[in-house]
Structure formats: structure tokens, C-alpha cells
Amino acid sequence: MTSLSEIMNYNQAFVEEKKYEEFVTTKFPNKRIVILTCMDTRLIELLPKAMNLKNGDAKIIKSAGAIITHPFGGLMRSVLVAVYELQADEVYVVGHHDCGMSSIDTDRIVGSMVDRGIDPGMFKTLEYSGIDMEAWLHGFSDVTESVKKSVDAIKNHPLIPADVNVHGLVIDPENGRLDVIENGYEAAERV
């Protein structure tokens, strides 16, 4: 059985048995927060539990490493939509220890791309098109510094209102412990 077949079979029973009813909520986050975090599989259930969140409490945006790579890219657009259209008034950037983005090797990834059928000449085309694969796929060496950079990118974005608090946290994927890296309330008091 394929994963799609397995998902669809389960989904049919899920809908027929009305298991969805316990998850019914609105599109607006109850706790008025948006979280930018990593796509790491260990955080799917752990992060919401560690933050005392239930379905409907927060907008959760996931990407590799919770890294804002471009001030007008898709992640920042999602944060802005959450703030302006979905009533979020606080942003949490949550990185984690043992993140795959802390050990990114661009050459290894490019090698895997070639092994899976991508024409090696494509990388010259990308280079001539202004795409620097090393910069585009670059991760980080220190999760704390990475979280600070993403917090800074959001906090200082020209379209983020001054009354939006931006916090930075790091979670331990082994036990759910959260450490505060940037306290958005304290930052607001310093202004």
C-alpha cells in the first residue's frame, strides 16, 4: 500500500466517524500568536505541547531551520498575513538543538541532486541566473544566533508594526525544554 492510499483510507474513516469535531475552530488564532519554527519531525506534537497550545491557538509556519532568508519571501509574507489579516499580535521564532540546518553541506546536497537525475549543467544555468547555491542552501552553525537573526529580520521589517512583540526561543527536541533567547516584551521596553 502506498502512503497516499494509506492516508486516504484513514481519512475516509476519520471523516465518516466525525473525528474532526474535536479540532473545530476558526481561522483566527485563539492566543493571537504566530510561530515560525523548523519543519523537524520531532516538533510536530512536541512543540505545541511544550508551549501549552491546542488546535486553534496559534498560526504555525514551518520551514527548514526557521530561517528568514529574504525579507520579502514567503515566510515573511505569512507572518505579515497572520498579523494583518488573522489577528496575531505576537511572533515567536522557535529554533531547536540538533537541527539539520546546522550541518548543511551544499556540495553533498548538489551531489544528491545529480544522483537523482538533475543535470549537472543546471547548476551553471542557475549560477548565470544569479542563484548562489551555497548562499541559498546555507544553514547555520549556532542555533541561538540563527534565532536572533530571524527575530531581528521580523522585528525590523518595514511592514511589522511597532506594537508586535517578537520573541526568540530554542527548544530541546529530546525533552521539550524551551530557552528564551529574545524576550520581545523586554525589547519593547528598551525602545
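One can find the structure itself at the top, above this paragraph.
Below, the structure is looked at part by part. (Residues numbered from 1 in each chain as written. Predicted model: local features only at pLDDT ≥ 70, side-chain atom pairs only at ≥ 80, totals over all residues. Heavy atoms only, no water.)

1. Considering the sheet that holds strand β4 (residues 165–171)
Here is the rule: Strands are labelled as partners when DSSP assigns at least two bridges between them. We count a stretch as a helix when DSSP gives it H or I for four or more residues in a row; a strand needs E for two or more, and each element gets its number in order from the N terminus. Structural elements are reduced to axes, namely lines fitted to C-alpha atoms, with helices fitted over the stretch in contact, and the angle between N-to-C directions of any two is expressed from 0 to 180 degrees. Note on definitions: a residue-residue contact is assigned when non-hydrogen atoms from the two residues lie within 4.5 Å.
In space, the five strands of this open sheet follow the order β2-β1-β3-β4-β5, with mixed pairing throughout. A single partner strand is all that each edge strand has here, and the edge strands are β2 (58–63) and β5 (178–182). Strand-to-strand twist in this sheet, taken as the mean axis angle between neighbours without regard to direction, amounts to 25°. Inspection of the sheet shows strand β1 (residues 33–38) paired to β2 by six bridges, in the parallel sense. Bridge pairing in β2 links threonine 37 to lysine 62. Helix α3 (residues 74–84) contacts β1, β2 and β3 (90–96) of the sheet and is inclined by roughly 175° relative to β2.

2. Some remarks on a nonpolar patch on the surface
Rules: Exposure above 30% relative accessible area and the absence of a salt bridge qualify a residue for a patch, where like charges join within 9 Å and nonpolar side chains (Val, Leu, Ile, Met, Phe, Trp, Tyr) within 5 Å. For the area figures, the Shrake-Rupley method with a 1.4 Å probe applies, and any residue is considered shielded solely by the protein chains shown. The working definition used for a salt bridge is a side-chain nitrogen of Lys or Arg within 4 Å of a carboxyl oxygen of Asp or Glu. Three labels apply to residues, based on accessible area from a 1.4 Å probe with only protein chains included: buried if under 20% of the type maximum, exposed if over 50%, partly exposed otherwise in between.
On the surface, a nonpolar cluster with roughly 320 Å² of combined accessible area is contributed by Leu4, Ile7 and Met8. Locating methionine 8 in the fold gives a position in helix α1 (residues 3–16). On the basis of relative accessibility, which here comes to 46%, the residue methionine 8 falls in the partly exposed class.

3. Structural notes on the packing of aromatic side chains
Just so we agree on the cut-off: Ring pairs shown here join Phe, Tyr and Trp side chains whose ring centres sit within 6.5 Å, with only the six-membered ring taken for Trp; geometry is labelled stacked below 30 degrees between planes, edge-to-face above 60, and tilted in between.
For the structure shown, the criterion picks out two aromatic pairs. Seen from their ring centres, phenylalanine 14 and phenylalanine 23 are 6.5 Å apart, and the 25° between their planes marks the pair as stacked. A relative accessible area of 19% places phenylalanine 14 in the buried class. You can call phenylalanine 23 partly exposed: its relative accessible area is 40%. Put simply, the rings of Tyr10, Phe14 and Phe23 touch in pairs and so form one group of aromatic residues.

4. Let's talk about the pattern of salt bridges
Tallying each qualifying case throughout the model produces nine salt bridges. Here lysine 19 and glutamate 17 are joined by a salt bridge, their closest N and O atoms 3.4 Å apart. Using a relative accessible area of 35% as the deciding quantity, one classes lysine 19 as partly exposed. Through salt bridges with shared partners, a single ionic network connects Lys31, Lys54 and Asp57.

5. As for the side chain of aspartate 40
Worth spelling out the cut-off: Throughout this description, a polar contact denotes any pair of N or O atoms lying within 3.5 Å of each other; where both atoms belong to protein, one of them has to be capable of donating a hydrogen while the other can accept it, and for residues adjacent in sequence the pair is counted only when both atoms sit in side chains.
Looking at the secondary structure, you find aspartate 40 in the loop between β1 and α2 (43–50). Its relative accessible area of 14% is what places aspartate 40 among the buried residues. Only 2.7 Å separates the side chain of aspartate 40 from the backbone nitrogen of arginine 42, close enough to count as a polar contact. When residues no more than four places from it in sequence are discounted, the contact partners of aspartate 40 are Lys62 and His96.

6. Re the nonpolar core
As a reminder, the rule being used: Residues enter a nonpolar core if they are buried and are Ala, Val, Leu, Ile, Met, Phe, Trp, Tyr or Cys, with the set joined through side-chain atoms within 4.5 Å.
Formed by 37 residues in total, the largest nonpolar core has its most connected members in Ile35, Met51, Val79, Val94, Ile154 and Ile160. Those elements that provide at least two residues to this core are β1, α2, β2, α3, β3, α7 (143–155) and β4. Beyond its immediate chain neighbours, meaning those up to four positions away, valine 79 contacts Ile61, Val91, Ile154 and Ile160.

7. Focus on the environment of leucine 36
Take leucine 36: it is sitting in strand β1. The class for leucine 36 is buried, based on a relative accessible area of 1%. Sequence separation between leucine 36 and aspartate 172 is 136 residues; the distance between their C-alpha atoms is 16 Å. When neighbours within four sequence positions are excluded, leucine 36 is seen to be in contact with Ile61, Ser63, Ala66, Ile68, Leu75, Tyr92, Val93, Val94 and Ile154.

8. As for a negative patch on the surface
Rules: Only four residue types enter the tally: Lys and Arg on the positive side, Asp and Glu on the negative side; His and the chain ends are excluded. Taken as the charge location is NZ of Lys, CZ of Arg, CG of Asp or CD of Glu.
A cluster of acidic residues, Asp105, Asp107, Asp132 and Glu134, forms a negative patch at the surface. Note that aspartate 132 resides in the loop between α5 (121–128) and α6 (133–137).

9. Considerations on the environment of serine 63
Residue placement: serine 63 occurs in strand β2. With relative accessibility at 13%, the residue serine 63 sits in the buried group. Once the C-alpha coordinates of serine 63 and aspartate 40 are considered, the two residues, 23 residues apart in sequence, prove to be 8.5 Å apart. With residues near it in sequence (within four places) discarded, serine 63 still touches Leu36, Thr37, Cys38, Met39 and Leu75.

In short, shape yes, function no, at least from these values alone.
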